[in-house]
Amino acid sequence: MANNHLTGIGSESKELATWYFTFAAILFGAQLLFGLVAAIQYVMPGFLFEVLDFSVARMLHINALVVWMVFAMFGAVYWLLPDETGIETVGIKIGKLLFWVFAAAIVVVVLVYLFIQVGSADEMSIWFIHEGREYIEAPRWADLGIVVVALGFVANLFLTGMKGKQTGIVTVLMADMIAFAGLYLCGMFFTDNISMDQYWWWWVIHLWVEATWEVYVGALAAYGLITMLGAHRKVVEMWLWIEVTMLFGSGILGMGHHYFWIGTPEYWWEIGALFSALEPLPLVAMFIHVLYDWGKTQGEQDAQGLEVSVIRNKPAFTWFVLNAFGNFLGAGIWGFFHTLPQVNLYTHGTQFTSAHGHLAFFGAYATILIGMMYIAIQGTNGIKVMNHTRSSIWSVSLLTGGMMGMTVALTVAGYVQVLVSRAQMGATWAGYFDGQSGMWFAQAMDWRLLMGVVMFLGFALLAKDFLTTGKNPVHQR
Ligand code: HEM
Ligand code: HEM
Ligand SMILES: [Fe+2]
């Protein structure tokens, strides 16, 4: 990001957005590295034993995942807010201070994870080491800090949204971000009863990724289509409202698909089955939405006489289209596969879950957030129409191809577990191990590792593309 073209109204907010994006991109790289360590440990169990154990590498992998996405999400809001409201973000100085608080807290938490890998399970650990809740393991002191940062962020969004122009996108974001921040509280308190603990933990995990984050992505898609294609606001915002209604409708009760086997009452079987099966519908709508809007703009011209169907940012647009496909495949198809209790009885907690988790997080969120980073790079460098470079094409191909390959490998591994561990051996202790010692399972783990390396190469090229854009003439015309 050599030459900074951020001037005028909203430049402070956009600058803060680039900080958030930069930290997010670094954490994304760290996520992949820890994923690689965990993947090597599946193939060579002694690798880094007692230096960086599997439990810690895995924890860092998935916590870095959540944190980089939250950073990129905050960044994207700070980026689009001035464009939507027409004013500079209110409270931007505090926003900038909170960024540093957030980033410093994350660095300290990661260092503690790395240096204190084993210890006792007591109140002290919950306060200072980690909480032991998958995906949101941050210790309580950091939790409290995160709450302060989130409140500051939501306050900035609200004050700006109320003072400036009120578009549908900003209104949806305001409602959504309150829910997003509020739900975090459900993962902060501790109960002795593990069923109750899991019950509330899912309020964060499921209601984030299958309700609030999906609505958030709808808002980003709407913003992106307007920015990159000059799409009609009325059309995109109409779809956005439909999606909000449908996603909240199916997503909230769809949570029942996590309540099948954790000790919650049996009526969750029916509720979970019905509502979670409806969840893919809005995802399909979102997918059709992108293609439909684009089709409608062919041949039109915008106020500056630019063909509307000219894509103003090709790398970002590629990632946005992949988002529509990825959301549909990873969350919609791979999610639907195992969402009925009759199927989930066999697939629960196998590598199949991991296949879905990888493709859904990547397809629904990594894609569009990387797309937003490209939009920010275009703005920061003052590029009118941004084309693909060799690195941007290779990085998107390697990252996406690697993720698809990994998903197929994990699906095969899950199939072996379902067949051997569950169907043939009746979910016994011996069945658990037999399922994982078969040739197909072992080969799938090799393929996953290989695909992880492919993804890491893709990330390296992405980073190179980000860093060299301002100096690369191919990008502009
Ligand atoms: C972008 C949206 C989504 C993301 C990021 C996502 C991610 C995940 C992740 C990471 C897990 C594993 C959680 C764990 O560690 O236990 C999971 C589990 C699950 N997901 Fe999703 N998911 C999404 C959407 C969906 C949808 C739309 C459906 C259903 C149609 C679905 C069905 C399920 C089910 C049934 C499980 C439980 C698997 C088991 O029993 O082991 N997911 N999801
Ligand atoms: C270099 C690429 C990657 C490698 C080698 C890798 C490897 C791994 C490994 C070994 C695990 C632990 C699985 C287990 O406990 O059985 C894991 C879990 C997970 N990874 Fe990755 N990963 C990579 C990239 C990603 C990406 C890009 C995402 C999302 C955008 C992601 C999301 C997840 C999630 C959600 C889980 C938890 C899954 C569950 O518990 O069901 N990973 N990964
Ligand atoms: Fe869910």
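Above: the structure in question.
Heads up: these notes are all about the structure in this document. (Residues numbered from 1 in each chain as written. Chains lettered and ligands numbered in written order. Predicted model: local features only at pLDDT ≥ 70, side-chain atom pairs only at ≥ 80, totals over all residues.)

1. Here we look at the overall build of the protein chain
Spelled out, the test is: Where helices and strands are cited, they refer to DSSP runs of H or I of at least four residues and of E of at least two residues respectively, numbered from the N terminus. Within these notes, the globule rule equals 2.2 Å times the number of residues to the 0.38 power, and the radius of gyration is based on C-alpha atoms. Buried residues are those with 20 or more other C-beta atoms within 10 Å of their own C-beta, exposed residues have 12 or fewer, and partly exposed residues lie in between; C-beta atoms are placed from the backbone. We call two residues in contact when their backbone-placed C-beta atoms lie within 7 Å.
A count of helical and extended segments in the protein chain gives 16 helices and zero strands. Computed over C-alpha atoms, the radius of gyration of the protein chain comes to 22 Å, within 12% of the 23 Å expected from 2.2 N^0.38 for 477 residues, which places it in the range of a compact globule. Dimensions of the protein chain along its principal axes, counting C-alpha atoms only, are 70 × 45 × 45 Å. Considering the protein chain as a whole, with its 477 residues, one finds that 49% of them fall into the buried category. Counted over contacts in the protein chain with a minimum sequence separation of 6, partners at least 24 positions apart contribute 79%.

2. Here we look at the site of ligand 1
Note the threshold: Here, nearness is defined through the C-beta atom: a residue counts as near a molecule or strand if that backbone-placed atom lies within 6 Å of it. Residue classes follow a fixed rule: Ala, Val, Leu, Ile, Met, Phe, Trp, Tyr, Cys and Pro count as nonpolar, while Asp, Glu, Lys and Arg count as charged, and any other residue, Gly among them, counts as polar.
Near ligand 1, the surroundings consist of 22 residues, among which Gly335, Thr353, Gly357, Ala360 and Ala364 are the closest. Only helix 7 (194-229), helix 11 (314-337) and helix 13 (351-380) provide two or more residues apiece to the shell around ligand 1. The element that contributes the greatest number of residues to the shell around ligand 1 is helix 13, accounting for six residues. Here the residues of the shell around ligand 1 are counted per class, giving seven nonpolar, 12 polar and three charged.

3. Focus: the environment of Ala39
Within the fold, Ala39 resides in helix 1 (residues 11-43). Owing to 22 C-beta atoms within 10 Å, Ala39 belongs among the buried residues under this scheme. Sequence separation between Ala39 and Asp446 is 407 residues, and the spatial gap between their C-alpha atoms is 8.4 Å. Other than its neighbours up to four places away in sequence, Ala39 contacts Arg448, Leu449 and Gly452.

4. What about the site of ligand 2?
Taken together, 20 residues are adjacent to ligand 2, and Gly35, Ala38, Gly357, Phe361 and Gly452 come closest. Listed by contribution, the elements that provide at least two residues to the shell around ligand 2 are helix 1, helix 2 (54-85), helix 13 and helix 16 (439-468). Among the elements that line the shell around ligand 2, the one with the most residues is helix 13, at seven residues.

5. A closer look at the packing of helix 1 against helix 2
The condition is simple: Interaxial angle, 0 to 180 degrees, is taken between N-to-C directions of lines fitted to C-alpha atoms, where a helix line uses only the stretch in contact. Working rule for angles: under 35 degrees goes down as roughly parallel, over 145 as roughly antiparallel, 65 to 115 as roughly perpendicular, anything else as oblique. In this scheme the handedness of a crossing depends on how the near helix is turned from the far one: anticlockwise by less than a right angle means left-handed, clockwise means right-handed.
Where helix 1 contacts helix 2, the axes come no closer than 7 Å and their chain directions differ by 160 degrees. What the angle tells us is that helix 1 and helix 2 run roughly antiparallel. In the packing of helix 1 onto helix 2, the handedness of the crossing is left-handed. The residue makeup of the contact of helix 1 with helix 2, split by class, is 26 nonpolar, six polar and two charged.

6. Observations concerning unusual backbone geometry
One non-glycine residue, Leu48, lies in the positive phi region at around 55 degrees. One can find Leu48 in the loop between helix 1 and helix 2. Even without being glycine, Ala427 reaches a positive phi, approximately 55 degrees. Looking at the element boundaries, Ala427 is found in the loop between helix 14 (390-424) and helix 15 (429-437).

7. Some details on helix 6 (residues 168-184)
Formally: To estimate how far a helix should extend, the number of its residues minus one is multiplied by 1.5 Å. Along the arc lie the directions from the helix axis toward the C-beta atoms.
A rise of 1.5 Å per residue sets the reference length of helix 6, with its 17 residues, at 24 Å; its end C-alpha atoms lie 25 Å apart and thus fit the reference within 8%. Those residues of helix 6 not exposed but buried are Ile169, Val170, Val172, Leu173, Asp176, Met177 and Phe180. Buried residues of helix 6, seen end-on, are gathered within an arc of 150 degrees and therefore sit on one face of the element.

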